[in-house]
Amino acid sequence: MGKSPEEEHPVKAFGWAASDTSGVLSPFKFSRRVTGEEDVRFKILYCGICHSDLHCVKNEWGISTYPLLPGHEIVGVVTEVGSKVQKYKVGDRVGVGCMVGACHTCENCENNLENYCPKMILTYNAVNYDGTKTYGGYSDHMVANERYIVRIPDNLPLDAAAPLLCAGITTYSPLRYFGLDKPGMKVGVVGLGGLGHVAVKFAKAFGAIVTVISTSPRKKQEAIEVLGADSFLVSTKPEEMQAAMGTLDGIIDTVSAVHALVPLLFLLKSHGKIIMVGAPEKPLELPVFPLIMGRKIIAGSGIGGMKETQEMIDFAGKHNITPEIEVIPMDYVNTAMERLAKGDVKYRFVLDVGNTLKAA
Amino acid sequence: MGKAPEEEHPVKAFGWAARDTSGVLSPFKFSRRVTQDEDVRFKILYCGICHSDLHSAKNEWGNSTYPILPGHEVVGVVTEVGSKVKKYKVGDRVGVGCMVGACHTCDNCENNLENYCPKMILTYNSVNSDGTMTYGGYSDHMVANERYIVRIPDNLPLDAAAPLLCAGITTYSPLRYFGLDKPGTKVGVVGLGGLGHVAVKFAKALGATVTVISTSPHKKQEAIEVLGADSFLVSTNPEEMQAAMGTLDGIIDTVSAVHALVPLLFLLKSHGKIIMVGAPEKPLELPVFPLIIGRKTIAGSCIGGMKETQEMIDFAGKHNITPLIEVIPMDYVNTAMERLAKADVKYRFVLDVANTLKAA
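Counting from 1, residues in each chain are numbered in the order their sequence is written. Chain letters start at A and ligand numbers start at 1, both assigned in the order the entries are written. Local features are withheld for residues below a pLDDT of 70 in this predicted model, meaning they are given only at 70 or higher, and side-chain atom pairs are given and counted only at 80 or more; totals for whole chains, interfaces and linings count all residues. Calculation of side-chain values draws on the structure's entire complement of heavy atoms; hydrogens and water are dropped beforehand.

K.L.:
Explanation requested: the packing of helix α4 (residues 167-177) of chain B against helix α5 (residues 194-205) of chain B in the structure shown.
P.N.:
The relative placement of two packed helices is expressed as an angle between their axes plus a distance between the axes. Residues and elements named next belong to chain B. A fitted line through C-alpha atoms serves as each axis, taken over the contacting stretch for helices, and the angle formed by two N-to-C directions is quoted from 0 to 180°. Helix and strand assignments come from DSSP, with helices taken as H or I runs of at least 4 residues and strands as E runs of at least 2, each series counted from the N terminus. Close contact between α4 and α5 brings their axes to 8 Å; oriented N to C, the two are set at 50 degrees. When the axes of α4 and α5 are compared, the pair comes out oblique. Relative to α5, α4 is oriented so that their crossing is right-handed. Residues Ala167, Gly168, Thr170, Thr171, Tyr172 and Leu175 of α4 touch α5, and the partners they reach there are Gly194, Leu195, Val198, Ala199, Phe202 and Ala203. Put simply, angles under 35 degrees are roughly parallel, angles over 145 are roughly antiparallel, angles from 65 to 115 are roughly perpendicular, and the rest are oblique. Should the near helix be turned anticlockwise from the far one by less than a right angle, the crossing is termed left-handed; should it be turned clockwise, right-handed. We call two residues in contact whenever any of their non-hydrogen atoms come within 4.5 Å of each other.

As structure tokens, then:
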């Protein structure tokens with residue numbers, strides 16, 4: 001307690017962190033532990049910017065501790081492995097997502113669901129086993145227990161693969177768990193941002209017929225021509241929404257702003273499911289009648305376990321699924337955050353850490 | 001169109017109906033169709049009073065047409081069967097629940113889920129295929145298509161069996177569909193009224209460990225000693241609720257008043273489900289975070305199909321599950337409605353129709 005970030009651990013590190021609720025990021029010196037027996041250490045080449053990063057740097061969820069160094073869509077190349085590590089070697093292309101630890105003994109951990117472990121340790125803004133803070137991927141290198149490392153398939157470009165580590169698993173997991181991964185299923189995706197556009201790609205790869213539901217009519221052309229969506233509904237247009245009532249088996253709702261659930265519930269067929277992966281900070285209104293009349297389901301889902309994360313990335317490799325990204329230099333990060341707040345990105349910013357992060 | 005209820009159909013009938021939103025019931029003459037080829041006609045002996053009857057009599061859901069003759073927990077003895085009816089004969093003990101018709105061609109009907117058919121016809125306050133209104137079980141006799149008739153097992157007393165036709169199937173169906181019917185499953189039941197007390201009995205018979213969640217501490221003793229619940233939580237007692245956090249696999253929520261979902265969501269283990277079978281008339285507040293953090297589900301469920309209704313009643317017969325009832329004469333019905341509004345009944349009123357309904 002009381003050691004500065006630079007002195008907490010033996011190995012020097014640097015990155016960009018926010019120091020207060022303005023959320024503005026700036027160069028930051030800190031340190032990371034030496035490579036333990038089961039650890040993998042890697043040089044960070046790219047890191048995706050997730051909207052959660054923005055929520056956290058501004059303490060919008062009320063849980064942030066400063067300095068806060070975000071980033072949980074991290075990819076790079078292994079530089080060192082611990083003596084007990086069998087799965088990875090120096091030079092391997094790897095990534096880390098939203099978690100770096102859990103208890104490993106509870107039922108969820110034993111079922112490869114570390115993400116639902118009550119003691120799960122987040123990649124940033126959390127407390128490690130040794131009592132120190134975790135710092136994320138807007139930094140030069142990272143070290144993590146091999147359980148939390150995933151291998152990036154050779155055919156996926158590293159920069160485009162980065163968003164899979166959070167946006168990818170967050171949308172892949174519920175498509176599978178809630179049975180929306182069967183060919184011919186009619187799946188809706190609400191919101192066409194970082195999560196939404198990847199959800200469309202996965203759902204199409206599973207053989208679903210995909211409808212994008214969005215408040216922005218201007219996104220229609222790309223949704224259909226670039227992402228492969230089968231149709232597009234403007235959620236603020238009552239006639240379009242009415243015509244599509246009772247047509248969808250499931251909906252992945254990626255929107256993190258407060259929004260109306262009822263029109264979405266009506267899009268579902270009976271026994272249909274809407275899975276919330278976006279996290280509005282205020283409660284939504286839930287009329288119970290539409291759930292009862294159609295035996296409909298509202299569920300939540302939060303990333304996925306490590307086994308499934310590797311499975312998801314391998315699936316992306318096999319089906320050539322790459323997020324659509326805008327690669328930016330490190331010193332563009334604050335501008336990127338402002339644009340992200342306005343939804344002005346197609347569809348994920350990825351920080352070119354390896355080339356543009358200069359030692360502080 | 002324009003025919004008086006007495007003249008709509010060839011066979012005279014009488015019962016008690018409400019004429020206006022006061023919901024006060026009084027003697028009412030009407031008529032029913034002759035027994036068609038596939039119909040079963042039966043003398044009504046008993047009819048349970050469901051809280052829905054009260055909501056409808058007072059037009060609290062805004063969809064009532066007067067005169068409204070409620071009652072959808074209807075039991076009696078067959079007096080006549082149509083020429084094509086094979087499953088039933090004169091003298092059989094039968095019942096009718098909440099539905100008397102559906103389209104029989106849609107996906108749901110083909111899967112024995114008539115209750116989710118968009119053209120489902122309710123036992124009362126609905127429009128029959130011939131354009132006339134349906135009248136329920138607060139009456140001397142009823143005729144219905146054999147598909148909507150269930151046989152009452154010989155070992156179940158008819159009066160106690162009546163509430164199974166709605167309260168029974170409403171709680172049995174979600175316990176099965178949502179997988180809460182495995183021995184050892186930890187099931188919570190919110191609300192200990194007509195639905196709640198039957199939910200406890202079914203859950204126990206299915207081998208669950210049952211926790212009743214209620215705002216009324218005075219219900220605890222009966223919940224445990226009479227209904228067989230394993231434990232009892234007073235939902236307004238924060239320490240009790242806190243101690244039980246993350247312990248339940250599922251919750252059947254029978255409460256039809258607006259209430260807080262969050263404390264109930266926190267009672268669930270990760271991957272847990274809460275199924276709403278009570279229908280609050282105003283929306284509930286739904287914070288999304290608890291759903292996401294634990295991959296929890298909120299669903300609705302509405303009665304059950306006819307095949308499952310028969311299965312439920314046979315299960316009740318096999319396990320000797322009888323609702324706890326207060327049998328009342330017909331002319332007590334308005335007082336019963338007032339008591340029901342205050343939840344002053346253990347746990348269902350059943351009208352002794354045959355003995356106390358006098359021809360109007």
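K.L.:
Before we go on, may I ask you to explain the confidence of the model for chain B in this structure?
P.N.:
Low pLDDT means the predicted atomic positions in that stretch should not be read closely. Looking at chain B, the pLDDT average stands at 96 and 99% of residues meet or exceed 70. Listed scores for the predicted complex are pTM 0.95 and ipTM 0.94. Values of pLDDT, the confidence the predictor places in each residue, fall between 0 and 100.

K.L.:
Sorry, what's going on with the pairing of strand β14 (residues 268-276) of chain A here?
P.N.:
Side-chain direction in a regular strand flips from residue to residue, so the side chains alternate between the two faces of the sheet. Residues and elements named next belong to chain A. In this description, strands pair whenever DSSP reports at least two bridges between them. Pairing geometry for strand β13 (residues 248-253) and β14, over five bridges, is parallel. Pairing of Gly250 across the sheet is with Lys273, part of β14. For the crossover that starts at β13, traverses helix α8 (residues 262-267) and ends in the parallel β14, the hand is right-handed. Two elements, β14 and strand β16 (residues 297-300), share four bridges in a ladder whose sense is parallel. Pairing of Ile275 across the sheet is with Ala299, part of β16. A crossover counts as right-handed when, viewed with the strands pointing away from the observer, the path leading from the first strand over the helix to the second turns clockwise.

K.L.:
Explanation requested: the pattern of salt bridges in the structure shown.
P.N.:
If the charged atoms of two oppositely charged side chains come close together, the side chains can form a pair. Residues and elements named next belong to chain A. The salt bridge criterion pairs a side-chain nitrogen of Lys or Arg with a carboxyl oxygen of Asp or Glu, the two atoms within 4 Å. Under the counting rule described, the total for this entry stands at 30 salt bridges over all chains. Residues Glu37 and Lys84 are paired through a salt bridge, measuring 3.4 Å at the closest nitrogen-oxygen approach. Linking Glu37 in the loop between β2 (25-32) and β3 (39-48) with Lys84 in the loop between β4 (74-81) and β5 (93-96), this pair joins segments that are 47 residues apart in sequence. Where Lys89 meets Asp92, a salt bridge forms, and the shortest distance between an N and an O atom there is 2.9 Å. Exposed residues in this analysis have more than 50% of their type's maximum accessible area, buried residues have under 20%, and partly exposed residues fall in between, with area computed by a 1.4 Å probe over protein chains only. Of the residues examined, Asp92 reaches a relative accessible area of 8% and is grouped as buried. Here the salt bridges do not stand alone but share partners, grouping Arg176, Asp181, Lys182 and Glu311 into one network.

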